[in-house]
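Here is what each chain is made of, one letter per residue.
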Amino acid sequence: MTAQPDDAVSPVDPFPRKRVPVLGTEMAYVDVGEGDPVVFLHGNPTSSYLWRNVIPHVQHLGRCIAPDLVGMGESGKLPDPQRGTYSFTTHAEHLAAFLDVVGVHRRVTFVLHDWGSALGFDWARAHPEAVRGLAFTEAIVTPMNWADWPADARRIFRSMRGDDGERRVLEENVFVERILPASTLRGLTPEAHERYRTPFRTPEDRWPTLEWPRQIPLENVPPKVRDVVSRYGYWLRTSAVPKLFVNAEPGSILVGRQRSLVRKWPSVTEVTVPGAHFVPEDSPHAIGRALADWIPTLP
């Protein structure tokens with residue numbers, strides 16, 4: 001099934017943020033609706049703001065929770081950041097503690113994008129009895145090789161993973177200023193771009209946006225993240241948990257070999273929507289409608 005392009009994609013965020021203490025800092029989050037939890041996880045360099053136009057389609061179907069990952073959005077920063085401070089392990093620990101604090105323990109449906117997919121898939125693998133369903137778009141589904149990436153992406157991601165990364169990301173803010181708007185079909189309104197820019201005003205604030213590209217499991221580096229992705233990838237290939245694959249056309253990272261892998265997983269429903277990488281900015285209403293159709297079918 002292929003969705004049509006969305007109409008207006010509003011920059012207006014209708015949701016207030018709550019805050020809870022988590023592992024010595026605090027995490028901000030959207031919390032609307034009642035019932036079984038539907039947890040929305042963002043990636044780099046976004047925040048819960050990414051889901052502002054998706055959540056209204058499903059908030060009548062459950063308790064919709066959308067956290068800002070630690071160091072991102074309106075969540076607290078970690079002290080004295082440097083290489084490794086915002087590792088995948090650190091984010092996973094904060095997310096697990098957050099979900100425990102807000103009472104997410106059973107019948108969880110995840111809606112996942114980018115690094116939020118790795119975090120959500122990893123939590124689901126560790127708590128399979130707690131998971132009701134997994135919806136995802138532009139996700140990390142397997143360790144990757146440089147050959148999986150377009151030439152332009154290889155150049156900039158190699159630079160961020162190397163010695164020039166601090167200049168490109170911390171000083172020039174390249175992920176927020178260039179990669180983010182370029183990785184949408186629509187571009188971003190000035191208001192939306194400013195919302196994404198706000199958490200990363202200073203070089204010190206930008207460490208999460210540098211650490212994430214260095215955590216991508218490319219050519220078996222870093223090995224700890226490769227192992228995490230390999231473990232949950234095996235679980236996804238063998239688990240009957242219902243899955244909604246929101247296929248982005250043309251897409252960016254979940255294409256080619258990775259797309260073929262997902263289509264072989266059990267219990268997959270697929271819908272195709274227009275989108276580059278930041279699909280909830282390109283087709284939020286199509287995603288919302290697909291979720292609103294799919295969630296009521298879950299056991």
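Residues numbered from 1 in each chain as written. Predicted model: local features only at pLDDT ≥ 70, side-chain atom pairs only at ≥ 80, totals over all residues. Heavy atoms only, no water.

### With respect to empty space enclosed by the protein
Taken as a whole, this structure holds one cavity of 30 Å³ or more when the rule is applied. Lining the largest cavity are Trp51, Val111, Leu112, Ala135, Phe136, Thr137, Val246 and Ile287. Within the residue set of the lining of the largest cavity, elements represented by two or more residues are β5 (108–114) and β6 (131–139). Among the elements that make up the lining of the largest cavity, the one with the highest residue count is β6 (three residues). (1 Å grid on protein atoms, 1.4 Å probe; cavity = no way out; pocket = protein on both sides within 12 Å on 5 of 7 lines; lining within 4 Å. Points joined across faces, edges and corners; volume = space filled by probe spheres on them. Helix = DSSP H or I, 4+ residues; strand = E, 2+ residues; numbered from the N terminus.)

### Focus on the sheet that holds strand β3 (residues 37–41)
Either a parallel or an antiparallel arrangement is found when strands of a sheet pair, and the pairing is made through backbone hydrogen bonds. The eight strands lie next to each other as β1-β2-β4-β3-β5-β6-β7-β8, forming an open sheet whose pairing is mixed. Looking at which strands have only one partner, the edges of the open sheet turn out to be β1 (18–22) and β8 (268–275). With strand direction ignored, the average angle separating the axes of adjacent strands in the sheet is 20°. When strand β7 (residues 243–250) meets β8, the two strands line up parallel, connected through eight bridges. Within β8, the position partnered with Phe245 by the bridge is Glu270. Strands in contact with helix α2 (residues 115–126) are β3, β5 and β6; relative to β5, the strand with the most contacts, it is inclined by about 145°. (Pairing = 2+ DSSP bridges. Axes fitted to C-alpha atoms, helices over the stretch in contact; angles between N-to-C directions. Contact = heavy atoms within 4.5 Å.)

### What to know about the pattern of salt bridges
Think of it this way: side chains of opposite charge can pair up when their charged atoms draw near. Using the criterion set out here, one finds 23 salt bridges in the structure. With a closest N to O distance of 3.7 Å, Arg195 and Glu74 form a salt bridge. Placement of Arg195 in helix α6 (residues 190–197) and of Glu74 in the loop between β4 (63–67) and α1 (88–101) is noted, with a sequence separation of 121 residues between them. Take Glu74: its relative accessible area is 33%, and that puts it in the partly exposed class. (Salt bridge = Lys/Arg side-chain N within 4 Å of Asp/Glu carboxyl O. Buried < 20%, exposed > 50% of the residue type's maximum accessible area, 1.4 Å probe, protein only.)

### Quick look at the pairing of strand β2 (residues 25–32)
Across the eight residues that make up β2, a large majority, seven, are buried. Bridge analysis of β1 against β2 gives five bridges, and the strand direction is antiparallel. Counted as the bridge partner of Val22 is Thr25 from β2. Here β1 hands over to β2 after two residues, with Leu23 in that stretch at a positive phi of 50°. Of the pairings in the sheet, the one linking β2 to β4 comprises four bridges and is antiparallel in character. Its bridge partner lying in β4, Val32 is registered against Cys64.

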